Amino acid sequence: VLGSGDRARTEQWVRGFGAWGPAAILVLMVAQTIIPVIPSVLLMVVTVLAYGPLWGGLLTFGGLLLAAAVAFGLGRALGPATVDRLIGEQTERKVEEFVERYGAGGVIVARISPVVSTDAVSFVAGLVCMGFPRFMLATAVGTLPLTALVAWLGEDVDLEAGTAAARRC
């Protein structure tokens with residue numbers, strides 16, 4: 001449904017969860033971090049479409065923070081061997097060097113950058129000596145601009161065009 005490009009069908013599907021809709025969105029955002037099948041931006045847009053710019057934007061922001069916290073915790077709990085399997089050893093090494101070199105500023109830049117995997121940053125931040133409060137603050141600061149942009153533009157997004165473009169890639 002999320003990848004169908006049918007805006008009405010997508011909104012109806014999310015609203016079909018009723019009061020559990022926000023929880024379903026949060027679960028999908030966390031699942032996307034661990035099993036990146038659904039693009040997170042698509043989930044963000046769907047959330048804004050279903051709940052409007054204000055509540056959808058807040059739910060998106062909370063979901064992104066929750067997903068980052070879960071990935072951080074998994075990185076810390078599972079260690080380098082498992083993180084290497086999740087994101088690849090080369091990616092883990094590059095992101096680790098980046099996070100260790102730039103610290104919280106690197107996390108902020110990674111959240112804003114379309115080039116760096118935000119999921120990889122979350123997993124790796126759990127491996128290095130970055131404190132959780134500092135990581136979450138940097139994540140919030142770096143995530144806010146994209147969340148605000150999606151909330152502002154989200155209702156005007158053409159899901160069919162975006163889905164077709166994603167299939168071509």
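Residues numbered from 1 in each chain as written. Predicted model: local features only at pLDDT ≥ 70, side-chain atom pairs only at ≥ 80, totals over all residues. Heavy atoms only, no water.

Draft legend 1. How the structure looks around the packing of aromatic side chains. Under the counting rule described, the total for this entry stands at 4 aromatic pairs. Here Phe-72 and Phe-132 contribute two aromatic rings whose centre-to-centre distance is 5.2 Å and whose plane-to-plane angle is 55°, an arrangement assigned as tilted. In this pair, Phe-72 is assigned in helix α3 (residues 40-87) and Phe-132 in helix α6 (residues 132-153), connecting sequence segments 60 residues apart. Given the relative accessible area of 3%, Phe-72 is considered buried. Ring centres of Phe-98 and Tyr-102 lie 5.1 Å apart, and the angle between their planes is 55°; this geometry places the pair in the tilted category. Note that Phe-98 and Tyr-102 are positioned in helix α4 (residues 89-112) at a spacing of 4 residues, about one turn of the helix. What makes Phe-98 partly exposed here is its relative accessible area of 26%. For Tyr-102, a relative accessible area of 44% translates into the label partly exposed. (Phe/Tyr/Trp six-rings, centres within 6.5 Å; stacked < 30°, edge-to-face > 60°. Helix = DSSP H or I, 4+ residues; strand = E, 2+ residues; numbered from the N terminus. Buried < 20%, exposed > 50% of the residue type's maximum accessible area, 1.4 Å probe, protein only.)

Draft legend 2. View of the environment of Ala-125. Summarising the element assignment, Ala-125 is placed in helix α5 (residues 118-127). Sequence separation between Ala-125 and Ala-69 is 56 residues, and the spatial gap between their C-alpha atoms is 10.0 Å. Those residues in contact with Ala-125 that sit more than four places away from it in its chain are Phe-72, Arg-76, Met-130 and Phe-135. (Contact = heavy atoms within 4.5 Å.)

Draft legend 3. Quick look at a nonpolar patch on the surface. Taken together, the side chains of Val-41, Leu-146, Leu-149, Trp-152 and Leu-153 define a hydrophobic patch exposed on the protein surface, amounting to about 490 Å² of accessible area. With 4 residues, α6 is the largest single contributor of residues to the nonpolar patch. Within the secondary structure, Trp-152 sits in helix α6. Given a relative accessible area of 66%, Trp-152 falls into the exposed group. (Patch = residues over 30% accessible without salt bridge, like charges linked within 9 Å, V, L, I, M, F, W, Y side chains within 5 Å. Areas by Shrake-Rupley, 256 points an atom, 1.4 Å probe, with all protein chains shown as cover. Salt bridge = Lys/Arg side-chain N within 4 Å of Asp/Glu carboxyl O.)

Honestly, it's all geometry; don't read function into it.
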